[in-house]
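Observations on the model geometry
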Amino acid sequence: MKSDEMLAGIRGIIWDIDGTLLDSMPIWHDLGARLLRSHSVEPEPDLADILWPMTIAEGVAYLKRHYRLTPDEARLRKQLMDITDRFYREEVTLKPGVREFLQILHTRKIPMVLATIGDPALEEAALTRLGVRQYFEKMYVCEEYHTTKKESLIYRIAAEELSLQPSECLVFEDILQAVRSAHEAGFRTAAVEDEASLPERKEIRAAADFYIRSFSDLLSDSNY
């Protein structure tokens, strides 16, 4: 299947950011370890697996208790936020092939917008630093509309702003619940492979119209 097949009949594109455009999911896997190392403490090998199902508050409490860290929980949470801030502003990279693929879409004059559950200030900073923010007309933030990607509201709002029907829009996402909610609302969906979502790869592929292992595949028009 070639990229032209995926874009057939598409008049607008709605992009997720984390794990789709940005290779940002590793920071959430490594955040606890980075915090501990900033305190000269070596993390246990399976720390990421321990922290993954926890909320931020639960994770901070675990780190303070288990590693006997001196700062209080409020200070530790601020330190986590500072680590994340630096990552987005200085370290995070684009997924391979993203920049070139965005340029192709821009040349075709397909309007593109962003839809995120993340921190808009950090994502704006990362996309601007990486030189791709100009490709997108607007960013829609779930928190501003009191919604999540478990439902399709954010995509429907974006489509309405583009004056398009869901069937005329292509949604790029990396997690199962987002792919599923967009697809069930009538949007064309392209699932982007991300390491954090690999355990649900089978379900994601079944829910999406298209599955992208790498944007470099789209540049070469290779099969998925």
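Please refer to the structure placed before this passage.
Before going into details, it helps to say that this report is about the structure given with it.

**Section: the overall build of the protein chain**
When its secondary structure is counted, the protein chain shows 11 helices and six strands. Against the globule reference of 17 Å for 224 residues, the protein chain gives a C-alpha radius of gyration of 19 Å, in line with a compact fold. Each principal axis of the C-alpha atoms in the protein chain carries an extent, and together these give about 60 × 35 × 30 Å. Residue burial in the protein chain is summarised as follows: out of 224 residues, 48% are buried. For the protein chain, the accessible area works out to roughly 11,400 Å², and carbon and sulfur atoms hold 49% of it. Averaged over its 28 positive side-chain charges, the protein chain has a centre that lies 1 Å from the centre of its 39 negative ones.

**Re the side chain of Thr 116**
Residue placement: Thr 116 occurs in strand 2 (residues 112-116). Under the relative-accessibility criterion, Thr 116 is labelled buried at 1%. Engagement of the side chain of Thr 116 in a polar contact is seen with the backbone nitrogen of Gly 118, the distance being 2.8 Å.

**Describing the packing of helix 2 (residues 25-38) against helix 5 (residues 73-91)**
At a closest axis distance of 10 Å, the pairing of helix 2 and helix 5 adopts a crossing angle of 125 degrees. Judged by the angle between their axes, helix 2 and helix 5 are oblique. In the packing of helix 2 onto helix 5, the handedness of the crossing is right-handed. Facing helix 2, whose interface residues are Ile 27, Trp 28, Leu 31, Arg 34 and Leu 35, helix 5 presents Leu 76, Gln 79, Leu 80, Ile 83, Thr 84, Phe 87, Tyr 88 and Glu 91. Across the contact of helix 2 with helix 5, the residue classes tally to nine nonpolar, two polar and two charged.

**Quick word on the pattern of salt bridges**
Any two side chains of opposite charge can pair if their charged atoms end up close together. As enumerated under the stated definition, the model contains 12 salt bridges in all. For Lys 149, the salt bridge goes to Asp 16, with nearest N and O atoms at 2.8 Å. Of this pair, Lys 149 sits in the loop between strand 3 (139-141) and helix 8 (153-161) while Asp 16 is found in the loop between strand 1 (12-15) and helix 2, placing the two residues 133 residues apart along the sequence. Neither Lys 149 nor Asp 16 differs from the other in exposure class; each is buried. Glu 193 is the salt-bridge partner of Arg 201, the closest N and O atoms lying 3.3 Å from each other. Through salt bridges with shared partners, one network takes in Asp 16, Lys 149 and Glu 173.

**A closer look at unusual backbone geometry**
Positive phi, normally seen in glycine, also occurs at Arg 68, with a value near 55 degrees. Relative to the assigned elements, Arg 68 resides in the loop between helix 4 (56-67) and helix 5. In this model, Lys 109 sits at a positive phi of 60 degrees, which is unusual for a non-glycine residue. Residue placement: Lys 109 occurs in the loop between helix 6 (98-107) and strand 2. Look at Lys 109 and you get exposed, because its relative accessible area is 71%.

**A closer look at helix 5**
When the terminal C-alpha atoms of helix 5 are compared, their 26 Å separation across 19 residues agrees well with the 27 Å that a helix rising 1.5 Å per residue should span. Restricting attention to buried positions, one finds in helix 5 the residues Leu 76, Gln 79, Leu 80, Ile 83, Thr 84, Phe 87 and Tyr 88.

Thresholds, definitions, all that
Residues numbered from 1 in each chain as written. Predicted model: local features only at pLDDT ≥ 70, side-chain atom pairs only at ≥ 80, totals over all residues. Heavy atoms only, no water. Helix = DSSP H or I, 4+ residues; strand = E, 2+ residues; numbered from the N terminus. Rg over C-alpha atoms; globule rule 2.2 N^0.38 Å. Buried < 20%, exposed > 50% of the residue type's maximum accessible area, 1.4 Å probe, protein only. Areas by Shrake-Rupley, 256 points an atom, 1.4 Å probe, with all protein chains shown as cover. Lys, Arg positive; Asp, Glu negative; His and termini not counted. Charge placed at Lys NZ, Arg CZ, Asp CG, Glu CD. Polar contact = N/O pair within 3.5 Å; in protein donor to acceptor, adjacent residues only side chain to side chain. Axes fitted to C-alpha atoms, helices over the stretch in contact; angles between N-to-C directions. Parallel < 35°, antiparallel > 145°, perpendicular 65-115°, else oblique. Left-handed = near helix turned anticlockwise from the far one by under 90°. Contact = heavy atoms within 4.5 Å. Nonpolar A, V, L, I, M, F, W, Y, C, P; charged D, E, K, R; others polar. Salt bridge = Lys/Arg side-chain N within 4 Å of Asp/Glu carboxyl O. Expected span 1.5 Å × (residues − 1).

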